[in-house]
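# Chains, contacts and geometry: an overview
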Amino acid sequence: MSAVTDRKSLDVSEKIPYSPDSEKHDFDATVTAVDSEEGDEALKLVGRERQAEFSEEYNRKLRRKLDLLIPPICAAVYFSQYLDKTSLNYASIMGLPYKGQQYNLISLAFYLGYFVWEFPTVYISQKLRVAKYLGINVIVWGIILMLHSVATSFGGFFALRFLLGMCESCVAPILILIISMFYKKDEQAARISWFYVMVSLTQIFGGFVAYGVSYYDGARLAPWKIIYLLLGGLAILVGIAVIIWLPDSPVHAWQLTTEERIAALERVRDDQGGTENKKWKKDQIVEALTDVRTWLIVLSTMLTSIPNGALSNFSNIIVKSFGYTSKQTLILSTPAGAVAAAMTLFCGWYSDKKNERMLPIVIALIPTIVGAAMLIGLNDSGKKGALLFAVYIIGTFGSALSTIYAYNASNTSGHTKKNTINALTMATFSVGNIIGTEIFQAKDAPAYIPGKVAIMVLLIVQLFVSFLLRWINIRLNAKRKVMLAEEKERRGWTDADVQKERERHAFLDLTDKQNMFFVYTA
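Residues numbered from 1 in each chain as written. Predicted model: local features only at pLDDT ≥ 70, side-chain atom pairs only at ≥ 80, totals over all residues. Heavy atoms only, no water.

### Overview of the environment of phenylalanine 110
- Of note, phenylalanine 110 is situated in helix H4 (residues 100-127).
- Accessibility expressed as a relative area gives 0% for phenylalanine 110, which makes it buried.
- Sequence spacing of phenylalanine 110 and phenylalanine 158 is 48 residues, and the spatial spacing of their C-alpha atoms is 8.2 Å.
- Apart from residues lying up to four places away in sequence, phenylalanine 110 is in contact with Lys85, Arg161, Phe162, Leu164, Gly165 and Glu168. (Helix = DSSP H or I, 4+ residues; strand = E, 2+ residues; numbered from the N terminus. Buried < 20%, exposed > 50% of the residue type's maximum accessible area, 1.4 Å probe, protein only. Contact = heavy atoms within 4.5 Å.)

### Overview of a nonpolar patch on the surface
- Taken together, the side chains of Leu237, Ile240, Ile244, Trp245 and Trp254 define a hydrophobic patch exposed on the protein surface, amounting to about 560 Å² of accessible area.
- Mapped onto the fold, tryptophan 254 is located in the loop between helix H10 (223-245) and helix H11 (258-268).
- Classification of tryptophan 254 by relative accessible area gives exposed; the value is 56%. (Patch = residues over 30% accessible without salt bridge, like charges linked within 9 Å, V, L, I, M, F, W, Y side chains within 5 Å. Areas by Shrake-Rupley, 256 points an atom, 1.4 Å probe, with all protein chains shown as cover. Salt bridge = Lys/Arg side-chain N within 4 Å of Asp/Glu carboxyl O.)

### Focus on the packing of helix H15 (residues 334-353) against helix H17 (residues 384-394)
- In contact at an axis separation of 7 Å, H15 and H17 are set at 40° when each is read in the N-to-C sense. Here H17 runs oblique to H15, going by the angle between their axes. Handedness of the crossing formed by H15 with H17: right-handed. Residues Pro335, Ala336 and Val339 of H15 form the contact with H17, whose own contacting residues are Val391, Tyr392 and Ile393.
- Of the residues that constitute the contact of H15 with H17, the class distribution is 6 nonpolar, no polar and no charged. (Axes fitted to C-alpha atoms, helices over the stretch in contact; angles between N-to-C directions. Parallel < 35°, antiparallel > 145°, perpendicular 65-115°, else oblique. Left-handed = near helix turned anticlockwise from the far one by under 90°. Nonpolar A, V, L, I, M, F, W, Y, C, P; charged D, E, K, R; others polar.)

### Description of the pattern of salt bridges
- By the definition in use, this model includes 21 salt bridges.
- The closest approach of N and O atoms between aspartate 512 and arginine 293, which form a salt bridge, is 3.2 Å. With aspartate 512 in the segment after helix H21 (495-505) and arginine 293 in helix H13 (residues 292-320), the pair connects residues that are 219 residues apart, well separated along the chain. By the burial criterion, aspartate 512 is buried, and arginine 293 matches it.

### Examining helix H7 (residues 171-182)
- Helix length check: H7 (12 residues) gives 17 Å between terminal C-alpha atoms against 16 Å at 1.5 Å per residue, within 8%.
- Counting buried residues in H7 gives 12 out of 12 residues, a clear majority hidden from the surface.
- All buried positions along H7 are accounted for by Val171, Ala172, Pro173, Ile174, Leu175, Ile176, Leu177, Ile178, Ile179, Ser180, Met181 and Phe182. (Expected span 1.5 Å × (residues − 1).)

### As for empty space enclosed by the protein
- A full pass over the atoms with the stated rule returns 9 cavities of 30 Å³ or more.
- There is about 410 Å³ of room inside the largest cavity.
- Around the largest cavity, the lining comprises 27 residues; the ones closest to its centre are Tyr82, Gln203, Leu311, Ser312 and Ser315.
- For the lining of the largest cavity, the secondary structure elements donating two or more residues are helix H3 (87-91), helix H9 (198-213), H13, H15 and H17.
- For the lining of the largest cavity, the element with the highest residue contribution is H13, accounting for 6 residues. (1 Å grid on protein atoms, 1.4 Å probe; cavity = no way out; pocket = protein on both sides within 12 Å on 5 of 7 lines; lining within 4 Å. Points joined across faces, edges and corners; volume = space filled by probe spheres on them.)

### Examining the nonpolar core
- Of all hydrophobic cores here, the largest spans 135 residues; its most connected members are Ile70, Leu134, Phe195 and Tyr405.
- Take this core: its biggest share by element is 13 residues, from helix H2 (residues 56-85).
- Not counting residues within four places of it along the chain, the set of residues in contact with leucine 134 comprises Val77, Cys170, Val171, Ile174, Leu175, Val242 and Leu246.
- If you look at the next biggest cluster of nonpolar residues, it comprises 5 residues, including Leu484, Trp493, Val498 and Met516. (Core = buried A, V, L, I, M, F, W, Y, C linked by side-chain atoms within 4.5 Å.)

Spelled out as structure tokens, the structure:
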């Protein structure tokens, strides 16, 4: 435990603007003040320089408190979201009246709404309290999901799926942002995996729920309508919990004491990631759009989202094509969720333990490539056991998106830049899933060989993109290290001076390119 000392008030001065001509000129190592609108929200609570020291034991207890508060609520949101998103997959074998191209179109509608509303929702969320905005969206999507049970036409069902996608488009950017505000870089991947693992666990939970509901004879209400009512009600409850308990930021976390909020900010100061800023900054948008790593992340997201769009809507149909009944399919599909969950948690742990982001993606992709190859090679072989094994390992690629989330959280600074890249990532996620719903064509049923080949090829390409991104970040760190050494020598800084400057730059809302003290995670 430590006491919190008095903090000096901030002077106001102009912030040196970003110049794309030379990274060297982006750095402002002598800035002594910052406008409250330009700087980070954290400056409302802590000083430009570290003025409070907290023991390791105190920080461990604080992190434990945060772990009991933030990841469980994030997990509940993601659990509800993914159940809602894949409800169509369960309904498809429980009497949903839309088949063939109509089924493909209503699968597409969700991601179309997701894409259309991604950038507006990120813009709105930056202006508001992010957790409150998230909670309202969760409640609204719960209502929309329940309305699926009363849709009487293809057009009405399509519209509801579109609106559902709009409401759910804010989830990942906000959860990534909250994790990055409260956790250090070497803690972020694991915490993101703790909520992202819900993608896999919902496959288990949803399969058993759908299996139970499938025994209902549908005399009063079709089984697929019951699924929508149950999942919609769950989403509303989760949304209420988010509004009440999920903190918006360390500055506004009523669940923490004033001292704990200061400690939460000081914990992440050296990472140079900042917390939040309500002002959208044009220079940070430009930097995000001209950073080659942004577009490699967009490409990575596309390459992993196309398979996701295909398998999240067609995996049960593939298993059923092996010769199983609908009830058998629901149960036999659940082990795939356990395998994917284990891979997600492992990659999150490995990513933080080894300070890596791209290698865990490679580890996650290899079983999927093998599984796709097995489904192609063993088609019509009648070897149900081997085909089921292939289905069980093909879903491991899903944890790649979790690691991409962690990559964005730990490799981007500047609130507007961070939001821009997160929005691009999730917009690409929606486009990839839209494409994914179309690679399994009705004419290719029941084997869907072209779709399986496409999945294998896309993920092989992703292996090379991952290694390229890793190489770029390692190279940037090497250049940054040399530049910092030159600056240290030029200014005659001691190691203590360097640390002091690092602390003073932490909450200026500088981008990773503008801040010489920012270190990238490979």
